Amino acid sequence: MQKTQQLYEGKAKKVFRTDDPDLYIVDYKDDATAFDGKKKGQIAGKGVVNNRMSNLLMQYLSRQYGIPTHFVEELSDRETVVKRVEIVPLEVIVRNVAAGSFSKRFGVEEGTKLLQPTLEFCLKDDALGDPMINESHILALGKATKQELDTIADITMKVNEGLIAFFKEIGIDLIDFKIEFGRLPDGSIILADEISPDTCRLWDSETHEKLDKDRFRRDMGNVEEAYAEVFKRLGL
Ligand code: UDP
């Protein structure tokens, strides 16, 4: 599998075409951004952690929970072959414990366990700052169909169940996460993008130490160490 033309360079990854029109190669960078790109930096080794962790978790979710994903083959520490999809322009967020924007919006102290997992959507639109959007808005704007949203909600709750169990085994509480979905040419919905400390809040189960991108967002220090710790606990 060969990279041909670069299609896109995002905040954390580059995406390349390949000689197969149905496959792309993703190349993970160490660049980090936060607050709609207003904060910029580098986290040494992050690209390797995110690539290998995301691949491990996608394979686990596929095997154990029958979840369809874009993962095809890990090519190197930073490069993975994925299925070409059209990204559904939604950030799908699940929360098990209050943190971040949820804590701010509803005045709930960070760390408060929620009575049940929440599901929310944000419209993927950098210029608008990824505003929160509800199901009726999504349908009215034609961003996804009802059937697609039902599939997305169903898969997302299974992803939450699978990830909670997986992280529990390695002494980590899954506080919240964001995932994205893609449409294959036949219209079916699959899990795409990444699952990593950039996109999940991961707290040590015992000490509640943050092992995720909040260390970068909030200038807490030991950012590289936190990513390396998750990598190690995953057995990578
Ligand atoms: N998240 C993400 N990308 C975004 C916004 C949020 O991956 O553009 C993840 C974030 O890492 C966290 C979860 O989604 O695990 C919920 O984030 P929240 O809405 O609290 O926003 P934040 O406080 O991160 O701005």
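Anything mentioned here points back to the structure above.
**Q** I'd like to hear about the nonpolar core, residue by residue, with values.
**A** Counting 38 residues, the largest nonpolar core has Val159, Phe167, Phe181, Leu191, Ile195 and Leu202 as the members making the most contacts within it. If one sorts the elements of this core by residue count, helix 4 (residues 146-169) sits on top with 7 residues. Discounting residues that sit within four places of it in the chain, Leu191 has contacts with Met58, Leu61, Ile67, Pro68, Thr69, His70, Val159, Ile179, Glu180 and Phe181. Counting residues in each nonpolar core, the second largest holds 9 residues, with Ala34, Ile43, Val223 and Phe231 among its members.

**Q** How would you sum up the site of the ligand? Please name residues and give values.
**A** What surrounds the ligand is a group of 14 residues, the closest being Arg95, Ser101, Asp176, Arg201 and Arg217. Asp198 places a main-chain nitrogen or oxygen 3.5 Å from an oxygen atom of the ligand. Between an oxygen atom of the ligand and a side-chain N or O atom of Arg201, the distance comes to 2.8 Å. For the ligand, the accessible surface in isolation is 500 Å², of which the surrounding protein chains cover 77%. Its residues assigned to classes, the shell around the ligand comprises 4 nonpolar, 3 polar and 7 charged.

About the thresholds
Residues numbered from 1 in each chain as written. Predicted model: local features only at pLDDT ≥ 70, side-chain atom pairs only at ≥ 80, totals over all residues. Heavy atoms only, no water. Core = buried A, V, L, I, M, F, W, Y, C linked by side-chain atoms within 4.5 Å. Buried < 20%, exposed > 50% of the residue type's maximum accessible area, 1.4 Å probe, protein only. Helix = DSSP H or I, 4+ residues; strand = E, 2+ residues; numbered from the N terminus. Contact = heavy atoms within 4.5 Å. Near = heavy atom within 4 Å. Polar contact = N/O pair within 3.5 Å; in protein donor to acceptor, adjacent residues only side chain to side chain. Areas by Shrake-Rupley, 256 points an atom, 1.4 Å probe, with all protein chains shown as cover. Nonpolar A, V, L, I, M, F, W, Y, C, P; charged D, E, K, R; others polar.

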